[in-house]
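Residue-level listing of the chains:
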Amino acid sequence: MFNNTNGLMRRRCYPYLRSVVMIACLFLWVGTASAQDSQEITGTVTDASNGEPLPGANVTVVGEPIGTATNVDGEYALDVPSSAEMLRFSFIGYEAQEVPIEGRTTIDVALTSDASSLDEVVVIGYGTQEERDVTGAVESVRTEDFNQAPVVSPENLISGKVAGVQISSGDGSPGGGNLVRIRGENSFSAGNDPLYVIDGVPIDNGGNRAQRNPLNFLNPNDIASMTVLKDASATAIYGSRGANGVILIETKQAGEDEGRITYDGSVSTSVINDRVSMMGAEEYRNVVRNDGPSQAINQLGRTSTDWQDLVERQSFGQEHSVSFARGYEDSDFRLSLGYLDQEGTLQGSSTERISLSFNYNQQFLDDALSITANLRGSQTQDQFEPGGMVGNAASFNPTVPVRDFDSPYGGFFEWGESLAEKNPLAQLVLAENEGQARRSLGNVEAEYRIPFVEGLSARLNVGYDVQEGEQVFFAPTNLKEEADQGEDAGTVQRANFTRTNSLLDAYLTYDNEFEEIDSRFDITAGYSYQDFVSKFPEFTAFSLDNNIFGGSSTGPASESQTFVDVVPNRLISGFGRINYTFADRYLATFTVRRDGSSRFGPAEQWGTFPSAALGWRVNEEPFMDDVDFLSSLRLRLSWGITGNQEIGNFGFEPLYTPGDAQSQVQFGNSFITTLRPSAADEGLKWEEKTTYNAGINFGLFDERFSGSVEVYREDTDDLLRIIPVAAGANLRNRLLTNIGEVRNQGVETSLSLSIFRGGDFTWDANFNAAYNENEVLKVSNDDNFEGILTGGIAGATGNNVQILREGESLGTFFLYEQSYDENGDPIFTDPNDTEAYGELLNSRRPVGNASPDWVLGHTSQFAYQNFDASVSLRAHIGNDVYNNNASNFGHLGRLSDIVASNIHTSYNETGFTQPQYFSDIYLEDGSFLRLDNVSVGYTVRQIPGVNQLRVYGTASNLLTITGYDGPDPEVNGGIDNNLYPRSRSFTAGVNLQF
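Note that the coordinates shown come from a computational prediction; the quantities given were computed from them, not determined experimentally.

**Examining the packing of aromatic side chains**
Turning to step 1, where the next piece is worked out: Taken as a whole and judged by the stated rule, the model has 25 aromatic pairs.
Turning to step 2, where the next piece is worked out: In this structure, R403 packs its charged tip against the face of F412, placed 3.9 Å from the ring centre.
Turning to step 3, where the next piece is worked out: Above the ring of F928, the side-chain terminus of R930 is found at 5.0 Å from the ring centroid.

**Some details on the confidence of the model for the chain**
Turning to step 1, where the next piece is worked out: Model confidence for the chain is summarised by a mean pLDDT of 89, while 94% of its residues fall at 70 or above.
Turning to step 2, where the next piece is worked out: Within the chain, the lowest mean pLDDT, 44, falls on helix α1 (residues 5-30), and the highest, 98, falls on strand β46 (residues 880-883).
Turning to step 3, where the next piece is worked out: Note that pLDDT drops below 50 for residues 1-17; the model gives that stretch 23 contacts with residues more than four away or on any other chain.
Turning to step 4, where the next piece is worked out: For the stretch residues 20-36, pLDDT sits under 50, and the model shows 20 contacts to residues farther than four places along the chain or on other chains.

**Concerning the environment of Q993**
Turning to step 1, where the next piece is worked out: Mapped onto the fold, Q993 is located in strand β51 (residues 983-993).
Turning to step 2, where the next piece is worked out: Under the relative-accessibility criterion, Q993 is labelled buried at 18%.
Turning to step 3, where the next piece is worked out: Along the chain, Q993 and I261 lie 732 residues apart, while their C-alpha atoms are 5.7 Å from each other.
Turning to step 4, where the next piece is worked out: Excluding anything up to four places from it in sequence, Q993 contacts R260, I261, T262, V946, N947 and Q948.

**Looking at the pairing of strand β38 (residues 741-758)**
Turning to step 1, where the next piece is worked out: The sheet contact formed by strand β35 (residues 705-717) and β38 spans twelve bridges and is antiparallel. What sits directly across from D715, in β38, is R743.
Turning to step 2, where the next piece is worked out: In terms of strand pairing, β38 meets strand β39 (residues 761-778) through 17 bridges, oriented antiparallel. Directly across from E741, in β39, lies its bridge partner K778.

**Observations regarding the pattern of salt bridges**
Turning to step 1, where the next piece is worked out: Tallied over the full model, the rule gives 50 salt bridges.
Turning to step 2, where the next piece is worked out: A salt bridge links E98 to R88, with the shortest nitrogen-to-oxygen separation between them at 3.9 Å. Linking E98 in strand β6 (residues 97-100) with R88 in strand β5 (residues 86-90), this pair joins segments that are ten residues apart in sequence.
Turning to step 3, where the next piece is worked out: Under the relative-accessibility criterion, R88 is labelled buried at 11%.

**Quick notes on the nonpolar core**
What tends to happen in soluble globular proteins is that the nonpolar side chains get buried as a cluster.
Turning to step 1, where the next piece is worked out: In terms of nonpolar packing, the biggest core is built from 24 residues, with M226, I247 and I249 touching the most fellow members.
Turning to step 2, where the next piece is worked out: Taken together, the elements giving at least two residues each to this core come down to β11 (165-169), β12 (178-182), β13 (195-198), β15 (223-229) and β16 (246-251).
Turning to step 3, where the next piece is worked out: With residues up to four places along the chain from it excluded, the contact list for I249 reads Y196, V197, I198, D199, L218, I223, S225 and M226.
Turning to step 4, where the next piece is worked out: Counting residues in hydrophobic clusters, the runner-up holds 23 residues, among them I272, M389, F412 and A420.

**What about unusual backbone geometry?**
Negative phi characterises most residues that are not glycine, and trans characterises most peptide bonds.
Turning to step 1, where the next piece is worked out: Its identity is not glycine, yet Y126 carries a phi of approximately 60°, on the positive side.
Turning to step 2, where the next piece is worked out: Counting through the fold element by element, Y126 comes out in the loop between β8 (121-124) and β9 (127-130).
Turning to step 3, where the next piece is worked out: For Y126, a relative accessible area of 9% translates into the label buried.
Turning to step 4, where the next piece is worked out: Phi is positive for F701, close to 55°, though the residue is something other than glycine.
Turning to step 5, where the next piece is worked out: Within the element layout of this structure, F701 appears in the loop between β34 (687-700) and β35.
Turning to step 6, where the next piece is worked out: The partly exposed category is assigned to F701, whose relative accessible area is 47%.

**A few points about the sheet that holds strand β42 (residues 812-815)**
Turning to step 1, where the next piece is worked out: Spatially, four strands are ordered β40-β41-β42-β43 in an open sheet, and the strand pairing comes out antiparallel. What marks the edges here is a single partner per strand, and that holds for β40 (788-792) and β43 (845-849). Sheet twist, expressed as the average angle between the axes of neighbouring strands with direction ignored, equals 45°.

**Brief notes about the side chain of K689**
Turning to step 1, where the next piece is worked out: One can find K689 in strand β34.
Turning to step 2, where the next piece is worked out: Residue K689 is classed as buried on the basis of its relative accessible area, which comes to 3%.
Turning to step 3, where the next piece is worked out: Only 2.2 Å separates the side chain of K689 from the backbone oxygen of A243, close enough to count as a polar contact.
Turning to step 4, where the next piece is worked out: Once you skip the residues sitting within four places of it in the chain, K689 turns out to touch N186, A243, N244, G640, I641, T642, E714, D715 and T716.

Calculation notes
- Residues numbered from 1 in each chain as written.
- Predicted model: local features only at pLDDT ≥ 70, side-chain atom pairs only at ≥ 80, totals over all residues.
- Heavy atoms only, no water.
- Phe/Tyr/Trp six-rings, centres within 6.5 Å; stacked < 30°, edge-to-face > 60°.
- Lys NZ or Arg CZ within 6 Å of the ring centre and 35° of its normal.
- pLDDT = per-residue confidence, 0-100.
- Helix = DSSP H or I, 4+ residues; strand = E, 2+ residues; numbered from the N terminus.
- Contact = heavy atoms within 4.5 Å.
- Buried < 20%, exposed > 50% of the residue type's maximum accessible area, 1.4 Å probe, protein only.
- Pairing = 2+ DSSP bridges.
- Salt bridge = Lys/Arg side-chain N within 4 Å of Asp/Glu carboxyl O.
- Core = buried A, V, L, I, M, F, W, Y, C linked by side-chain atoms within 4.5 Å.
- Axes fitted to C-alpha atoms, helices over the stretch in contact; angles between N-to-C directions.
- Polar contact = N/O pair within 3.5 Å; in protein donor to acceptor, adjacent residues only side chain to side chain.

Take a look at the structure:
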């Protein structure tokens, strides 16, 4: 089957060819307007204050789905039915106008600025606030500023866009999970991920086995904005879940559209950037014949097999999204449907998503009562590459064939030894591993403006988040690792999950201005109840009689095991916030939240999380009246405490787990199943983070140049950590408890520039940079404690190359310094020489760090007439990567294993005959500069029946500049070990608005 590449490519490409044909048909269709009795109306739309043209202004026929947009000179031309009576002109930041046609063929309109819309509003916890009044570290990214490349996971929309926010893909798998860190690592064992709040519903960060990333349920095309809350003043309103920052996701609403249909479609292809540098067949033969033992020489084959090439492929993807939005006088709604199909660049991997969303807003009682409903659902289908396939493809002997038709292992070549490496193609073809997940999230929010108290409103938000799905794994009896099990060969595993998240928020808001004291109060007080229930039924059957049914049936199995875990969790809270403004320039914010969590025992179940912040709008002072170039200047100071409760449930009391057949106790002729208690700490409590933040926001020359600078320090106490305990204590040798302190401190800066605006050409740019310094202040109550080894690696059992030690950073490596001879060649130390190698191990010291010191981002956006382009760059500086592929594969000891396996090309430089896992020769500078995205588009606005047509092309991950020798320097955790390779992608797409 592997030689039939033409047939495989045809089957793989047909769906995408259909997509290309469909997009081409749309181009043809938009050029064929239906004939009707109509007249052409032309004109110009300008700014009433200065007469400048307004490019991109919307011109629509009232009551009809007909419209267009003005060109770069503010001109428009629109075919209007003879029955039409009115045109509507609108543009962001301006008051819309409806103008009677009255038989005219030329209509010019001057739009007036809408002062209320010019004060940018940002979303904060349980409300909104004008950007000029914000006292915390808050940064919002809107649709027009998102990364232009098609993405599966919504987090990637703001990668490189927000100072202090590090977003790194875990690997190159389709829809793979991301590492998201706001101002560094804060915890040892509790979660470091931020809290996500989608349309007012805080969601659970817990993953599942049926999909790579639980956030993939959300269609990025439905997102209107993502707001990052970074300091305690902004996050304390979320109390025990705000320690790692908060990301607020708001989805698109209809607004005042008369009725608009939008279609986005794209097709893409991806190729792998780089791979693990292993020897080719001829190079391997030469090394074996010259330096290998007789066993390795005898195992040389006669073929040349590039195993990595065989498991890789050029992948294809397609994405389609269509939405309809309509606004009425007292209501509006938006409905969208999305479809995504993305292959992985490794055979056997893919992700597919179907999504549906509905947003509805309705006003009642003369706008005193408003009701908003947000509903969305999706189904994702993930196909997973076999576990171990990447590593086996790198290390399997390159001189043996793929197939051995006399083999009992499905006709694939395999070594006879049970512990030998496995044929990666056999794993790919014979095994099955896929998952399906369904998720629905929604809420209904009602706001009632109480008529007898000016400024007082009551709000009720009822929400839910339901996830369910199943992972199915099938390993047939003729798969080598199964056949080695003898009578137990063959496995079918079905792992189901259901997660339910119920939310009730009830709160009052009071927003009023008192002119007699030149003050404004914005007060919020409320109650929140959130209940989580997770169920994980799992069934494993083994010892199969046949492989006929695959993973669809467990009937052929003679042995089985069943597990059901039910995990409840509840959070009850009261919260309050006061925003106070005096003289329109002095600002103060006070917030408090009290949380009760079922994850902690009765003595520590409740926690209080306060914050306070001050702000000063300096530019509003009378003495600044003559400073014309300064359009805004705001100084901010904040302090606050937030918590972290992202641990397992019921760690404060022992849970009893029934043993399996291997842990029964015999009493007479009977075997009794045991019950084993888990370790417990009755005093388990919240992690608490205290944050100090000073910031400045500024704008120059009517905000043509604007930016911010933040300086912060964050101290996290009572860190949750699994530590070794005395044997026999708690019937366990490890325990989750509160111990340790960590500090993060740093500087962030963001700068937005309108570099050039003149004639037909514009250039806008954004720069952001963040420096973070992390230090472990405390690990143990024992002053002589040397630290905890972490950072497990491949190669032998129990080897660790990182350490958790006071005075060092989280992610610090722990290695010995490599010695070199007079020629600069590394000196090998035989691990079998107990004394010499023992001295080397004792000389290990903290060196390097997995986290970057600096995270930088830059985006430039260009426009020339109807053309547009954007470029996004991202850089990490100061991080190190341990090349575990080189340390594990790059030595001659590979030839003396159970069977001889391939060797990493680093052997040519080191000449190591045995592994040197703890040498710093494998620790490399992981700093990089990456050209993330380049996008070019062309927009046509004057097509009959079409408001706007934009075609575009995007290239992603085009270039990476780095000194790292491995496949890719962006390695979460700093240990490069058989990661799914990243790819370079090319996308062509179209956006249509009707």
